[in-house]
Every structure is written in structure tokens, then in C-alpha cells.
Amino acid sequence: MKKKILEKDDIRRSLVRISHEILEKNKGIENLVIIGILTRGYYLAKRIVENIEIFEGIKVPLGSLDVGPFRDDEKRKKEDKSEISFSLTNKKVVLVDDVLFTGRTVRAAMDAITSRGRPSLIQLAVLVDRGHREFPIRPDYVGKNIPSSKHKEIVKVRVEEVDGEDAVYIEKLVKEE
């Protein structure tokens, strides 16, 4: 069973709001960089960068982060597909991901970032926060809070660039007997 909970326009409005909040909280774009967690977080980050460029007239540096080599709950990948072509030292880093759930991906992302430099701060922007944290991680910017069952539901974000549509679905998992 699958239910659409965010449409294309809902996602666009959420990202515009998050973009404004990032600018407001950081008092502009000085020393600001945006890094999207691969895969869908990167495309959301790219849209935030595009929004900020429209608002401020300047393009903020954008990077992509592969957290696979830094995960503690899955088989570690050896190849790192991250693309960060700028220094992170003394930067205000805004990490962007599609869904915040247990916090394990964000914890791995923070390890990946600090292995590349020492930012002045790291903030977190997510399109969807579904709760059920296993780490003490809280987002700074949230598109939508979606309470969900930890073991009976899954939240799926779809983006045009990867999936052919912009939407967020909540699916009930069916247990096989």
C-alpha cells in the first residue's frame, strides 16, 4: 500500500523555504557551502543552491558526498564517489539529505566531512524527518515532519533527475509469512 504525501509543488515550496531559512540563519552566504548526500540529497542540494543563486545573485559552492565508506551499519564500500572541489576548513557546511530516519547516514556524513577538513559548523537540511533516531541528531531545516511506524512503513523520496517525478510516498511494508 502506497500513499503520496508530497507532490512536486509541495517539494518546491519546501526547498524554497529551506533556502530562505539557510540564508537567514547564516546571515547570508559568506563561507557557506552546500553538500548533498548521494543520491537524492545531492539533487535537493542542487535545487537549494539554485534558489540561493536566484535570491542572492551568487552561486554557493556545491558538493556531493558518498557516505558509503563511512557507514557503520552496512558493508563498507571502498570506492568514494564524493565530489567536493573546495576546502571545508572554516566553512559553514549545510548537509542536505532526502529523509532523516535513524541518523546513521548523517553520522557517517559528519565523519566524511571532518576527514576532509575542519568546518566552522555543520548544519543539516532534510526534506523529510520521519523520526526514530538512534543517534542524537536533529535537523536545522526540515521540509516536512512525517511521523511513521519504524518497522511497518517506509518513506520514499523520488526526484525528477533520478526517478522521473518529484514526490514523497509512505508505503506500508507487508510482512511475508
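Residues numbered from 1 in each chain as written. Predicted model: local features only at pLDDT ≥ 70, side-chain atom pairs only at ≥ 80, totals over all residues. Heavy atoms only, no water.

Details of unusual backbone geometry
This is how the line gets drawn: Where helices and strands are cited, they refer to DSSP runs of H or I of at least four residues and of E of at least two residues respectively, numbered from the N terminus. For every residue, the accessible area (1.4 Å probe, protein chains only) is compared with the maximum for its type, and the residue is labelled buried under 20%, exposed over 50%, or partly exposed between those bounds.
Residue L38 is joined to T39 through a cis peptide bond whose omega torsion reads 10°. You can see T39 is positioned in the loop between β2 (32–37) and α2 (40–56). A positive phi angle is found at K27, which is not glycine, with a value near 55°. With respect to the element layout, K27 can be found in the loop between α1 (8–25) and β2. In this structure K27 comes out as exposed when scored by relative accessible area, which is 76%. Here the phi dihedral of N31 falls at roughly 60°; this positive angle occurs in a residue that is not glycine. Along the chain, N31 turns up in the loop between α1 and β2. You can call N31 partly exposed: its relative accessible area is 35%.

Regarding the sheet that holds strand β7 (residues 153–158)
Within a sheet, each strand pairs with its neighbour through backbone hydrogen bonds, oriented either parallel or antiparallel. Selection criterion: Paired strands, as defined in this entry, are two strands with at least two bridges between them according to DSSP. To obtain an axis, a line is fitted to C-alpha atoms, over the contacting stretch when the element is a helix, and the angle between two such axes runs from 0 to 180 degrees between their N-to-C directions.
Across the sheet, which stays open at both edges, the 3 strands sit in the order β1-β8-β7 with antiparallel pairing between neighbours. Of all the strands in the sheet, just β1 (2–6) and β7 have a single pairing partner and so form its edges. Between one strand axis and the next, the sheet turns by 25° as a mean value, whatever way the strands run. Sheet topology note: the β1/strand β8 (residues 167–172) ladder contains 4 bridges and is antiparallel. Pairing of K4 across the sheet is with Y169, part of β8.

Notes on the UniProt feature "short sequence motif: PRPP-binding" (unreviewed entry) in the chain
What counts is decided by this rule: UniProt positions are given in the numbering used here, feature names are shortened, and annotations may be inferred rather than shown by experiment.
Within this numbering scheme, the UniProt entry marks residues 93–105 as carrying the feature "short sequence motif: PRPP-binding" (unreviewed entry). In residues 93–105, the share of helix is 15% and the share of strand is 62%. The end C-alpha atoms are 16 Å apart.

Looking at the packing of aromatic side chains
As a reminder, the rule being used: Between the rings of Phe, Tyr and Trp (Trp by its six-membered ring), a pair exists once the centres lie within 6.5 Å; its type follows the angle of the planes, with under 30 degrees stacked, over 60 edge-to-face, and the other angles tilted. Cation placement over rings: the criterion is NZ of Lys or CZ of Arg within 6 Å of the ring centroid and within 35° of the ring normal.
A complete count under the given rule lists 1 aromatic pair for this structure. Measuring from ring centre to ring centre gives 5.3 Å for Y42 and Y43, while their planes differ by 75°; the resulting arrangement is edge-to-face. Judged by its relative accessible area of 21%, Y42 is partly exposed. Residue class for Y43 comes out partly exposed when judged on its relative accessible area of 23%. The ring of Y169 carries K2 above its face, with NZ or CZ at 4.5 Å from the centroid. Just above the ring of F101 sits the side chain of R130; from NZ or CZ to the centre is 3.9 Å.

So, the nonpolar core
Defined as follows: The term nonpolar core refers to a set of buried residues drawn from Ala, Val, Leu, Ile, Met, Phe, Trp, Tyr and Cys, joined through side-chain atoms within 4.5 Å.
If you look at the biggest cluster of nonpolar residues, it comprises 28 residues, and the most contacted ones within it are I34, I52, V128 and V168. Elements that contribute at least two residues to this core include exactly α1, β2, α2, β4 (92–100), β5 (121–129), β7 and β8. Grouped together as the second largest cluster of nonpolar side chains are 20 residues, L65, F70, A109 and I137 included.

Section: the sheet that holds strand β6 (residues 141–145)
Our working rule: Working rule for contacts: check all heavy atoms of both residues, and any pair within 4.5 Å makes them a contact.
Read from one edge to the other, the open sheet built from 5 strands follows the order β3-β2-β4-β5-β6, with strand pairing classed as parallel. Bordering the open sheet on either side are β3 (62–65) and β6, each of which pairs with just one other strand. Across the sheet, the mean angle from the axis of one strand to that of its neighbour is 25°, orientation sign disregarded. Pairing of β2 with β4, which is carried by 5 bridges, proceeds in the parallel orientation. Across the sheet, I35 pairs through a bridge with L95, a residue of β4. Running over the sheet, α1 touches β2, β4, β5 and β6 and is turned about 150° from β6. Set on the sheet, helix α3 (residues 104–114) makes contact with β2, β3, β4 and β5; between it and β4 the angle comes to about 155°.

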